[in-house]
Amino acid sequence: QVQLVESGGGLVQPGGSLRLSCTASGSGFSINAMGWYRQPPGKQRELVAAITRSDSTNYADSVKGRFTISRGNAKNTVSLQMNSLKPEDTAVYYCNADVVNRATIIEYEYWGQGTQVTVSS
């Protein structure tokens, strides 16, 4: 089993910054891509940013220029640097990983438990 653990959420004022981190643990798998999703109160979960095995990135239009996704040197960690935060960024943020079982070559999708980000004065 692959486990994703997130950290870095909290309360921040508008214009402030937070850095979210997610670490994947387990064995016998390769990561195709990792990403961050968020679910604002009363709304559906949406993609925020994603990064592939080749370090290609994709961002939601609402966060372009403000958020940066990156992979750690160990390649089992993904971070989301969030700058110029706005109240509409308030949501539960979830780490996501698309992985391949090395033995079976079957793809699986895993989710972290979520971390709360609140942007408020």
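See above for the structure.
What you are looking at is a predicted structure, and each value in this text was computed from that prediction instead of being measured.

### Quick look at the pairing of strand S10 (residues 107–111)
By the bridge criterion, five bridges tie strand S9 (residues 91–101) to S10 in an arrangement that is antiparallel. Across the sheet, the residue bridging to alanine 97 is tyrosine 110, located in S10. Counting the residues that bridge the hairpin from S9 to S10 gives five residues, and of these isoleucine 105 lies at a positive phi of roughly 60 degrees.

### Considerations on the environment of proline 14
Counting through the fold element by element, proline 14 comes out in the loop between strand S2 (10–12) and strand S3 (18–25). For the pair formed by proline 14 and aspartate 89, sequence separation is 75 residues and the distance between their alpha carbons is 9.5 Å. With near-sequence residues (within four places) excluded, proline 14 lies in contact with Leu85, Pro87, Val119, Ser120 and Ser121.

### With respect to the nonpolar core
Core analysis: the biggest nonpolar cluster contains 30 residues, and Met34, Trp36, Leu80, Met82 and Tyr93 have the highest contact counts within it. If you list the elements that add at least two residues to this core, you get S3, strand S4 (29–39), strand S5 (46–52), strand S7 (67–71), strand S8 (77–82), S9 and strand S11 (115–119).

### Concerning the packing of aromatic side chains
Under the defined criterion, the tally for this structure stands at two aromatic pairs. Summarising the aromatic geometry, the rings of tyrosine 37 and tryptophan 111 are spaced 4.9 Å apart at their centres and angled 65 degrees between planes, so their arrangement reads as edge-to-face. Of this pair, tyrosine 37 sits in strand S4 while tryptophan 111 sits in strand S10, placing them 74 residues apart in sequence. Taking the relative accessible area as the measure of exposure, tryptophan 111 reaches 33% and is therefore partly exposed. On the basis of an interplanar angle of 40 degrees and a centroid distance of 6.4 Å, the ring pair of tyrosine 108 and tyrosine 110 is categorised as tilted. By relative accessible area, tyrosine 110 is classed as partly exposed at 23%.

### A closer look at the pairing of S4
Relative to S9, S4 runs antiparallel, the two sharing 10 bridges. Directly across from tyrosine 37, in S9, lies its bridge partner tyrosine 94. Direction of pairing for S4 relative to S5: antiparallel, over a ladder of six bridges. Opposite methionine 34, over in S5, you have isoleucine 51 as the bridge partner.

### A few points about the sheet that holds S7
A sheet is described by the order of its strands in space; here four strands give the open sequence S1-S3-S8-S7, paired in antiparallel fashion. Every other strand in the sheet has two partners, leaving strand S1 (3–7) and S7 as the edge strands with one partner each. Here the average twist between neighbouring strands, direction ignored, is 15 degrees. Examined bridge by bridge, S1 and S3 share five bridges and lie antiparallel to one another. Following the sheet pairing, glutamate 6 is matched in S3 by cysteine 22.

What counts as what
Residues numbered from 1 in each chain as written. Predicted model: local features only at pLDDT ≥ 70, side-chain atom pairs only at ≥ 80, totals over all residues. Heavy atoms only, no water. Pairing = 2+ DSSP bridges. Helix = DSSP H or I, 4+ residues; strand = E, 2+ residues; numbered from the N terminus. Contact = heavy atoms within 4.5 Å. Core = buried A, V, L, I, M, F, W, Y, C linked by side-chain atoms within 4.5 Å. Buried < 20%, exposed > 50% of the residue type's maximum accessible area, 1.4 Å probe, protein only. Phe/Tyr/Trp six-rings, centres within 6.5 Å; stacked < 30°, edge-to-face > 60°. Axes fitted to C-alpha atoms, helices over the stretch in contact; angles between N-to-C directions.

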